[in-house]
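Understanding the architecture of this molecule
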Amino acid sequence: MRKSAKEVLVAVAGQPNSGKSTVFNCLTGARQFVANYPGITVEKKTGVYYYEGDKVVLVDLPGTYSLTSYSLEERIARNFLLHGNPVLILDIVDASNLERNLYLTFQLLEMDIPLVIALNMMDVARNRGSQIDVEELGRQLRTVVVPTVASKGKGKEELRRAVWESYEKRNSRSTSFRMNYGENLEPILSSLERKLSQDPTLSKHYPTRWLAVKLLGGDSEAQKLVRERPGTDKTKENE
Ligand SMILES: Nc1nc2c(ncn2[C@@H]2O[C@H](COP(=O)(O)OP(=O)(O)O)[C@@H](O)[C@H]2O)c(=O)[nH]1
Ligand SMILES: [Mg+2]
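Please read these numbers as outputs of a predicted model, since none were measured by experiment. (Residues numbered from 1 in each chain as written. Chains lettered and ligands numbered in written order. Predicted model: local features only at pLDDT ≥ 70, side-chain atom pairs only at ≥ 80, totals over all residues. Heavy atoms only, no water.)

Another aspect to go through is the sheet that holds strand E3 (residues 43-51). One key point about sheets: their strands pair by backbone hydrogen bonds, in either a parallel or an antiparallel sense. As summarised here, the arrangement of the 7 strands in space is E2-E3-E4-E1-E5-E6-E7, forming an open sheet in which the pairing is mixed. Edge positions in the open sheet fall to strand E2 (32-36) and strand E7 (144-147), since each of these has one partner strand only. Strand-to-strand twist in this sheet, taken as the mean axis angle between neighbours without regard to direction, amounts to 25°. The sheet contact formed by strand E1 (residues 7-14) and strand E4 (residues 54-60) spans 6 bridges and is parallel. Directly across from Glu7, in E4, lies its bridge partner Lys55. (Pairing = 2+ DSSP bridges. Helix = DSSP H or I, 4+ residues; strand = E, 2+ residues; numbered from the N terminus. Axes fitted to C-alpha atoms, helices over the stretch in contact; angles between N-to-C directions.)

Structure (structure tokens):
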């Protein structure tokens, strides 16, 4: 292998039954390892594949419908995104349940980590007569969208290429997608975000927009992050 080979950490997220495990298996094949998240019995599956000699490490996050802090699975997924340093999120979206699946996507986009969407179950969507304008979806979300039928291995190479290209372009992204919370909330969010940005420790460790949204929603884990200050090891999940 080339001396300069890179190693890239990618978090694989998605709602239950979106085909997350199928995509994961399709990309990594037999190169998989299972451990537990520290201190708890939830399985942490890691897989590896090589793209033109560079190593891509995939971490399979627990399947969740959203990214609040109400369930253990959601907290694990969220903590990994906040503290595990993935450079990219691969979001598996079920094309036949697009609206419901995008609920998680919007929350992932707020984490301020480059995102690639595998628009999976394209066969099911097509059989139901749905026509999805894949390019328009990508334009609106300002992200790359790759249509896949993971159970048939369709879209695998396109997905690998999209992951790599998004990784290489990660610093040259134009403005990323921002959920608009409407004229009542946006001014409050902006002022909160401004305050959080002025705190160098917080803004270095957490996406301030995300933190502002969560604080406004009364998210207790987010409040704890602000209270406790970053810097200590919080990858451990204490129930
Ligand atoms: N028709 C179709 N089935 C799929 C596709 N991807 C996955 N599946 C099937 O959908 C079911 C759920 O997939 P799985 O990977 O376990 O979902 P997960 O819960 O997100 O990990 C399985 O029976 C898969 O074989 C796809 O693109 N098309
Ligand atoms: Mg699964």
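Right, let's get into the domain arrangement of the protein chain. We note that the domain assignment places domain 1 (7-172) and domain 2 (182-228) within the protein chain. Measuring from the centre of the C-alpha atoms in domain 1 to the corresponding centre in domain 2 gives 25 Å. Taken together, the 11 residues of domain 1 in the interface contact 12 residues of domain 2. Of the roughly 910 Å² buried between domain 1 and domain 2 on both sides combined, carbon and sulfur atoms contribute 56%. The three residues of domain 1 that bury the most area against domain 2 are Arg78, Leu82 and Glu110, which together make up 53% of that side's buried surface. The interface formed by domain 1 and domain 2 includes 1 salt bridge. At the junction of domain 1 with domain 2, the criterion picks out 1 residue pair in polar contact (both at pLDDT 80 or more). For the side of domain 1 that touches domain 2, the leading source of residues is helix H2 (residues 72-83), giving 4 residues. (Domains from an automatic or database assignment. Contact = heavy atoms within 4.5 Å. Buried area = accessible area lost by both parts, 1.4 Å probe. Salt bridge = Lys/Arg side-chain N within 4 Å of Asp/Glu carboxyl O. Polar contact = N/O pair within 3.5 Å; in protein donor to acceptor, adjacent residues only side chain to side chain.)

Around ligand 1 there are 15 residues in total, and Asn17, Lys20, Ser21, Thr22 and Asp123 lie nearest to it. Taking Thr22, its side chain carries an N or O atom lying 2.5 Å from an oxygen atom of ligand 1. A distance of 3.2 Å separates an oxygen atom of ligand 1 from a polar atom in the backbone of Met121. Within the complex, 66% of the 580 Å² of free accessible area of ligand 1 lies under protein. (Near = heavy atom within 4 Å. Areas by Shrake-Rupley, 256 points an atom, 1.4 Å probe, with all protein chains shown as cover.)

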